[in-house]
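Okay, here's what each chain looks like letter by letter:
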Amino acid sequence: MRSTAGESGAESAATSGIPVCAEVPAKSPAGAAENLGADVPGAAAQACSKPSVYGALDLGTNNCRLLVAKPSRRGFVVVDAFSRIIRLGAGVQATGRLSEGAMKRTIVALRICADKMRRRGVTRSRLIATEACRIATNGADFVDRVENETGLALEIVGRETEAKLAVSGCASLLDGACDWALVFDIGGGSSELIWLDLRKLGGDWKRSVQSRAGVQNSIAAWTSLPVGVVNLAERHGGRDVTPGDYEAMVDDVARALAAFESQHRFGERIAHGRTHFLGTSGTVTTISGIHLGLPRYDRARVDGCWLESADVRRVSNDLIGMSYTERVAQPCIGRERADLVLAGCAILEALLRTWPCQRLRVADRGLREGILTTLMAEDGHERRSPRTRRRKSRGGGKPPKRNAPNGNKSANGTSSQGAPSAS
């Protein structure tokens, strides 16, 4: 699901960045992912002469996504963005290798990312590759090729790192009134599931990037299923999907979940507590857009909105009844996702059957925001306390009321349709 920033990388509202670290030379055109200050004596104690610019790239099985941001008093402000479906992992399940066509498509997208990071003057970045590169026998060779052809030094991260970054990226959307939350990221080649024990969080855990990054400490258990929308659709078909095909996909995912649930028994743990789901994937943003009847995708209405499980199932059932051509015609799906959307719905349905939950929050954010949050936390960036912000912007008045569970307003309150201005 692309925001209207899309491939053009439209800027959000101008906001002054806050210096957080000294600038150092980078290994790649985008800026190295090593700890800043390593090559500059006393850099940690130096004040910046200008704001740092951060880059976060997520190269997945299906998508290549980039965010460029500067620190701000709200967390960070996005100054450029890029997203393109590249289907890097197409066919990997059958062959075990990244195809030449997929690698070429991906390198074209990565060259655009490298150019954007150069032009924006990125000084600190982390560029990660996930499941497709993890499982392909030529994944490491592809990473070397990317560096040779684009100058970008990709890092193939493990599943645990991917899960933790997803949590940090959407932490501000967690409902602190709940006892438990399942954060899930349905990807192209794998799905990350993270159960959080929200009772471990302190009262100010949304106050700063450090606090939001620290939400990782509330992880009760996590798993990474080797099931995503691409490989599930390749196994069962994605264009012409019958109700029987759909149920076969759901059963496939449920079997993959069984061992994890048998070990941790979250069904029993959440039975008497307040629980919600938080989805960070294109599947949930697509379902949300369709549920809201959007004539075109609008991130400001989707990010942070609440859905009931009945809403999710209603949309899924409607999609099962559509032909491939009808799914293509849906403004929040389009041709690039029409053969994958039902696989995503099946994965979500398996989660709901395993852990019945009535409320699901939608996040149009994830790994990239988690990378930015983590990097800025490492650099000691702080944001103002909520009390200080309210006193300045609202004259000391009462804080705004929380959105109703089914409200459509974005969690960060932005009216922009582009990339978020804060994580």
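Check the entry above for the structure.
Source: prediction; values computed, not measured.

1. Notes on the overall build of the protein chain
Per the secondary structure count, the protein chain includes 16 helices and 11 strands. With 423 residues in all, the protein chain has 58% of them scored as buried. In the protein chain, the share of contacts with a sequence separation of at least 24, taken over all contacts with a separation of at least 6, comes to 78%. Roughly 17,000 Å² of accessible area belongs to the protein chain as shown, and the carbon and sulfur atoms make up 48% of that amount.

2. What to know about the sheet that holds strand β3 (residues 75-85)
Read across the open sheet, the 5 strands follow the order β3-β2-β1-β4-β5; overall the sheet is mixed. At either end of the open sheet lies a strand with only one pairing partner, and these are β3 and β5 (155-156). The pairing of strand β1 (residues 54-59) with strand β4 (residues 124-129) spans 6 bridges and is parallel. Bridge pairing in β4 places glycine 55 opposite serine 125.

3. Structural notes on the packing of helix α12 (residues 309-320) against helix α14 (residues 341-354)
Close contact between α12 and α14 brings their axes to 10 Å; oriented N to C, the two are set at 145°. Crossing angle aside, the handedness with which α12 passes α14 is left-handed. Seen from α12, the contacting residues are Ser309, Val312, Arg313, Ser316, Leu319 and Ile320; seen from α14, they are Val341, Leu342, Cys345, Leu348, Glu349, Leu352 and Arg353.

4. Things to note about helix α7 (residues 229-236)
For α7, the complete set of buried residues consists of Val229, Val230, Asn231, Leu232 and Ala233. The elements touched by buried residues of α7 are α1 (92-95), β6 (180-186), α8 (243-264), α10 (282-291) and α14. One or two residues past the end of α7 sits glycine 237, with phi positive at roughly 95°.

5. Focus: the nonpolar core
Counting 56 residues, the largest nonpolar core has Phe184, Trp195, Tyr246, Phe277, Leu348, Trp355 and Leu360 as its most contacted members. The greatest single-element share of this core, amounting to 10 residues, is contributed by α14. Discounting chain neighbours no more than four positions away, the residues touching tyrosine 246 are Val241, Ser316, Ile320, Leu342, Cys345, Ala346 and Glu349. Judged by nonpolar contacts, the second largest core, of 31 residues, contains Phe82, Leu98, Ala109 and Leu152.

6. Let's talk about the pattern of salt bridges
If you walk through the whole model with that rule in mind, you get 27 salt bridges. The salt bridge partner of arginine 124 is aspartate 379, with a shortest N-O separation of 3.2 Å. Here arginine 124, found in strand β4, pairs with aspartate 379, found in the loop between α15 (367-378) and α16 (386-394); they are 255 residues apart in sequence, far enough to count as distant. What makes arginine 124 buried here is its relative accessible area of 1%.

7. What to know about the side chain of serine 191
In this structure, serine 191 sits in strand β7 (residues 191-197). Side-chain polar atoms of serine 191 contact the backbone oxygen of valine 227, separated by 2.8 Å. Apart from the residues lying within four places of it in its own chain, the contact partners of serine 191 are Asp185, Ile186, Thr223, Ser224, Leu225, Val227, Gly228 and Ile347.

8. Some words on the sheet that holds strand β10 (residues 306-308)
Spatial ordering of the open sheet is given by β8-β7-β6-β9-β11-β10, a layout of 6 strands whose pairing is mixed. The strands lining the two open edges of the sheet, one partner per strand, are β8 (219-225) and β10. Across the sheet, the mean angle from the axis of one strand to that of its neighbour is 20°, orientation sign disregarded. Pairing of β6 with strand β9 (residues 275-279), which is carried by 5 bridges, proceeds in the parallel orientation. Bridged to valine 183 within β9 is leucine 278. Most of the contacts of α8 go to β8, to which it runs at about 155°, and overall it touches β7 and β8. α10 rests against β6, β9, β10 and β11 (359-362) of the sheet, and its axis sits at about 100° to β11.

9. Regarding unusual backbone geometry
In this structure, arginine 87 is a non-glycine residue whose phi angle is positive, near 50°. Within the element layout of this structure, arginine 87 appears in the loop between β3 and α1. Classification of arginine 87 as partly exposed rests on a relative accessible area of 23%. Its identity as a non-glycine residue notwithstanding, arginine 265 has a phi of 50°, on the positive side. Its place among the elements puts arginine 265 in the loop between α8 and α9 (266-269).

10. As for the pairing of β9
Taken across its 5 residues, β9 has 5 buried, putting it largely inside the fold. Relative to β11, β9 runs parallel, the two being bridged by 3 bridges. Across the sheet, leucine 278 pairs through a bridge with arginine 361, a residue of β11.

11. With respect to helix α4 (residues 139-150)
Helix length check: α4 (12 residues) gives 16 Å between terminal C-alpha atoms against 16 Å at 1.5 Å per residue, within 8%. Those residues of α4 that are buried lie in contact with β1, α2 (100-120), α3 (131-135) and β5. After α4 finishes, the residue glycine 151 shows a positive phi value of roughly 85°.

12. Things to note about the packing of helix α5 (residues 159-170) against α15
Axis separation between α5 and α15 bottoms out at 7 Å; the angle between their running directions is 85°. Of the possible angle classes, the one that applies to α5 and α15 is roughly perpendicular. In this structure, α5 contributes Glu162, Leu165, Ala166, Ser168 and Gly169 to the contact, and α15 contributes Leu367, Glu369, Gly370, Ile371, Thr373 and Thr374. Across the contact of α5 with α15, the residue classes break down as 4 nonpolar, 5 polar and 2 charged.

13. As for the environment of tryptophan 355
Considering the arrangement of structural elements, one finds tryptophan 355 in the loop between α14 and β11. Tryptophan 355 sits 85 residues away from isoleucine 270 along the chain, and the two C-alpha atoms are 8.4 Å apart. Not counting chain neighbours up to four residues away, the residues in contact with tryptophan 355 comprise Leu182, Leu193, Trp195, Leu257, Phe260, Glu261, Phe266, Gly267, Ile270 and Phe277.

Reading the values: the criteria
Residues numbered from 1 in each chain as written. Predicted model: local features only at pLDDT ≥ 70, side-chain atom pairs only at ≥ 80, totals over all residues. Heavy atoms only, no water. Helix = DSSP H or I, 4+ residues; strand = E, 2+ residues; numbered from the N terminus. Buried < 20%, exposed > 50% of the residue type's maximum accessible area, 1.4 Å probe, protein only. Contact = heavy atoms within 4.5 Å. Areas by Shrake-Rupley, 256 points an atom, 1.4 Å probe, with all protein chains shown as cover. Pairing = 2+ DSSP bridges. Axes fitted to C-alpha atoms, helices over the stretch in contact; angles between N-to-C directions. Left-handed = near helix turned anticlockwise from the far one by under 90°. Core = buried A, V, L, I, M, F, W, Y, C linked by side-chain atoms within 4.5 Å. Salt bridge = Lys/Arg side-chain N within 4 Å of Asp/Glu carboxyl O. Polar contact = N/O pair within 3.5 Å; in protein donor to acceptor, adjacent residues only side chain to side chain. Expected span 1.5 Å × (residues − 1). Parallel < 35°, antiparallel > 145°, perpendicular 65-115°, else oblique. Nonpolar A, V, L, I, M, F, W, Y, C, P; charged D, E, K, R; others polar.

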